[in-house]
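Residue strings, one per chain:
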Amino acid sequence: IYIIFISITCIRHSFSSLATVGFYDYFGLTSPFRSKKWVEKCQRQELLDKSPEQLYKYYRLCGNHFESSAYSVSSITNSVLKDDAIPTIFVAENQLQNGQVKRKSKKSQSEPAKEDVKTLTDEEEYKEYLKSLFEVLVLLGEQSIPPTGPGGNKQEGLGSSNFQALLEYRMNCGDEVLKKRYDLNKECCSSARLNQLIEVLEKCLHSKLIEEVKQNGFFSLLTNDPIKISGDSYLPIFLRYVDQSNCQRERFLGFLSFEGDGDALAEKLLSEMTDKWNLDMEQCRGQAHSCSGIHFSKIKTFAAKVKEKYSKALLTLRSTCTLNLSLAHGMALSGVQLVLSTFKKIDSFFSQSPLLQEELENAISIYFPDKEEKAKELKEICQTSWTTKNDAFEVAVQILEALLLCMDSVHDNEDMRWTDEVAHNALEISKALTDFDFVMALIVLKNTLTLTRAFGKNLQGTATDIHFAAISVKAVLHSLREVFDNIDVYHEFWVEEAVNLAAAMEIPVKVPCSFLRKNQSETGAIRPESYYRDHLSVPVVNHLISEINELFCEDHLKLTEPEEESMQVFKNDIPNAGGLSAELHCWQVKWSKMVKGETPPSNLHETLQLADVKFFPNMLAVLRLISILPTLALQDGCDVAYKRFQMYMQNTADKFKSRSLAFLNINYDVEYDLDAIVEAYMKAYPDGKDFVRKSCRLC
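Scope of this entry: the structure provided in the associated data block. (Residues numbered from 1 in each chain as written. Predicted model: local features only at pLDDT ≥ 70, side-chain atom pairs only at ≥ 80, totals over all residues. Heavy atoms only, no water.)

Time to look at the pattern of salt bridges. Counted under the stated rule, the structure contains 28 salt bridges. One salt bridge in this structure joins Arg249 and Asp243, with 3.4 Å as the shortest N-O distance. The class for Asp243 is buried, based on a relative accessible area of 12%. With its nearest N and O atoms 2.9 Å apart, the salt bridge here joins Lys300 to Glu547. Placement of Lys300 in helix α9 (residues 296-309) and of Glu547 in helix α21 (residues 528-551) is noted, with a sequence separation of 247 residues between them. Judged by relative accessible area, Glu547 falls into the buried class, the value being 9%. Linked through salt bridges whose partners overlap, the residues forming this network are Glu212, Arg251, Arg644 and Asp669. (Salt bridge = Lys/Arg side-chain N within 4 Å of Asp/Glu carboxyl O. Buried < 20%, exposed > 50% of the residue type's maximum accessible area, 1.4 Å probe, protein only. Helix = DSSP H or I, 4+ residues; strand = E, 2+ residues; numbered from the N terminus.)

The subject of this paragraph is the pairing of strand β11 (residues 284-289). Across the six residues that make up β11, a large majority, six, are buried. Here five bridges tie strand β7 (residues 219-223) to β11, and the two strands are oriented parallel to one another. Bridging across to β11, Thr223 finds its partner in His289. Taken together, the two bridges between β11 and strand β12 (residues 314-315) define a ladder with parallel strand orientation. By the bridge assignment, Gly286 is partnered in β12 with Leu314. Note that the unit made of β11, α9 and β12 has a crossover that is right-handed. (Pairing = 2+ DSSP bridges. Right-handed = clockwise from strand over helix to strand, strands pointing away.)

For the rest of this paragraph, the subject is the environment of Arg170. Mapped onto the fold, Arg170 is located in helix α5 (residues 162-172). Residue Arg170 is classed as buried on the basis of its relative accessible area of 3%. Residues Arg170 and Ser132, spaced 38 residues apart in sequence, show a C-alpha to C-alpha distance of 8.8 Å.

The next point concerns the packing of helix α16 (residues 436-459) against α21. Two elements in contact, α16 and α21, have axes whose closest approach is 11 Å; the angle formed by their N-to-C orientations is 25°. Classed by the angle they form, the pair α16 and α21 counts as roughly parallel. Between α16 and α21 lies a crossing whose hand is right-handed. Residues Phe436, Asp437, Met440, Ala441, Val444, Thr448, Leu449 and Phe455 of α16 form the contact with α21, whose participating residues are Tyr532, Leu536, Ser537, Val540, Val541, Leu544 and Ile548. Residue composition of the contact of α16 with α21, grouped by class: 12 nonpolar, two polar and one charged. (Axes fitted to C-alpha atoms, helices over the stretch in contact; angles between N-to-C directions. Parallel < 35°, antiparallel > 145°, perpendicular 65-115°, else oblique. Left-handed = near helix turned anticlockwise from the far one by under 90°. Contact = heavy atoms within 4.5 Å. Nonpolar A, V, L, I, M, F, W, Y, C, P; charged D, E, K, R; others polar.)

What follows is about the side chain of Ser537. Its location among the elements puts Ser537 in helix α21. Classification of Ser537 as buried rests on a relative accessible area of 0%. Within the structure, Ser537 has its side chain in polar contact with the side chain of His491 (distance 2.7 Å). Discounting residues that sit within four places of it in the chain, Ser537 has contacts with Val444, Ile487, His491, Trp494 and Tyr532. (Polar contact = N/O pair within 3.5 Å; in protein donor to acceptor, adjacent residues only side chain to side chain.)

Let us look at the environment of Thr464. Mapped onto the elements, Thr464 comes out in helix α17 (residues 463-471). Taking the relative accessible area as the measure of exposure, Thr464 reaches 60% and is therefore exposed. The sequence separation of Thr464 and Asn603 amounts to 139 residues, and the corresponding C-alpha distance is 9.8 Å.

Turning our attention to helix α29 (residues 674-684). Taken residue by residue, α29 has Leu674, Ile677, Val678, Tyr681 and Met682 as its buried positions. Relative to the axis of α29, the buried residues are bounded by an arc of 135° and lie together on one face. (Arc of directions from axis to C-beta.)

One face of the sheet, then the other: side chains in a regular strand alternate in exactly this way. Of all 10 residues making up strand β10 (residues 248-257), eight are buried, and the element is well covered by its neighbours. Bridge count between strand β9 (residues 232-242) and β10: nine bridges; the pairing is antiparallel. Residue pairing across strands places Arg240 opposite Glu250, the latter belonging to β10. Where β9 folds back on β10, the antiparallel hairpin that results is connected by five residues, among which Asn246 adopts a positive phi of roughly 60°.

Taking 1.5 Å as the rise per residue, helix α7 (residues 191-215) with 25 residues should run 36 Å; its terminal C-alpha atoms sit 36 Å apart, in good agreement. A positive phi of about 85° marks Gly217, the residue just after α7. (Expected span 1.5 Å × (residues − 1).)

Below you can see the structure in the form of structure tokens.
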């Protein structure tokens, strides 16, 4: 808690240039004995009964209470007192006269000062009080600590909440303004007032982010899979842009309610972004959506609505998800969703303990006794996050039998090595692996997505790899159409492979029970191969063709054409389209005339950082536009918003998840103007002025 309080103090100093010198050794040169002497010198009657140790640890003295000559080093960031420093400029209570006192001159301790110092007015004191409240909220948001505390009820008083606990600690450490206001009217720290403070802080931060994006021009709109908070569905919104220093940036803009369906939901989402958030969607040049099958139709409707209203918002793949996993997530098919949900369980299961990983490796050795190299390769793959990679389905087929052996061994728990929870999780995974619906879907995904695997890998590679991927789109589509045209033949091979694998694992081949329950009249009449042709193989291939066509449309293909033709995609967004040909020629000459030993930039980011890129305004504009496309992976350090979002969702218990707290936590690095936030609060809730007057009467 002491570290947290120091953090609050540091936050305070980021908003104010007022230097302070601590009784508790703020600059490292004080001692308990000297702290006691300082209190006596300052005539602080209310502190005279405190022990030297208490003063040294918990109280601080304003840096303005010392003469300039008392500092051996003095600056905004580093002020060091001399060993014999004594406070000589101070305001004692017995010197107060009509709200003003004379203070000693900095030139001479014996000469009276010519300058008067005013005490804080009630309104100024109230502002300082609000600053203290906001500082505590900023700290809680940064550390992802729920203000209402464990089990806090938003409808009840705060009681022993985290927010109140930190306020009390701060008061105990010498925040007199906070203590005075808090003691006068504790209603200011009620749940209702806390919600008001959070609301204003969130709005101010939101306005700051929107202004930041607006100043940097074009952006892309990104969404993540909808999440549940307090029982309601919300859509996480991110924006990608290039800042003034030509660096890629992503910001988390917040959550939008995802309740509803169809066009009504799409219209509501867009209106909230434009009307409530003041986001200029005319500047949107790209969009990408990560979404699972259960929400796929809603997201597709939303993406289509964005494209309809803002035709330049090109729909692309999002770089945070591999192509094959992204394509699979968009399939609302029971077998496919079973495979994907099982992958998540497998990933979570083996992350619990290295001993579980060893158990899987032992099982792999059992199934590959005569193939040591293959076994070694598979073991190395399983030590990575293989369930999220482009070849995940192929790897799963290869280790499926070993994986089942591992799960059964852990569940049996004969040597009592595993907890009941681990054994139960193993049983759940084992049940999924022995469902023929899982096996059949896995085989179909493996065989169809093999056609897009190399293409997807190139999309996340170097600039050369990406270019090669772009020119191979037509070949990938041709292969998929060839499969669709001969689906009966391919499906027959897939069924045979699935049946053989199921036989090896002693899994009965049958139609899913869920389908039979819904279609009881067809029980026994429909054969598994017929069912899976119509309900799995055909829909999967259809989906792949449709998605590849949409994600890599004509505008993408134009980028593979000769230089000047490909640039026509950006002709309306560059400063001088008429001079494009001449500028492109100069750009080519620049790189063809490189000095011996000069190394060209290896990626887009390095190109944008070149000092002379500003002399090519059209090229600079094009490079910035390409940089915001969601397909391209962000440079290291530019994807912090997404990583913080993932960490918050993974590490925060469901009952503590909060839209506002998540927003503050993910954006804690955004610069705050605390004075502006306080002014916004007082404007939004002018009833605080009544509190000021009430406080004066109570005083």
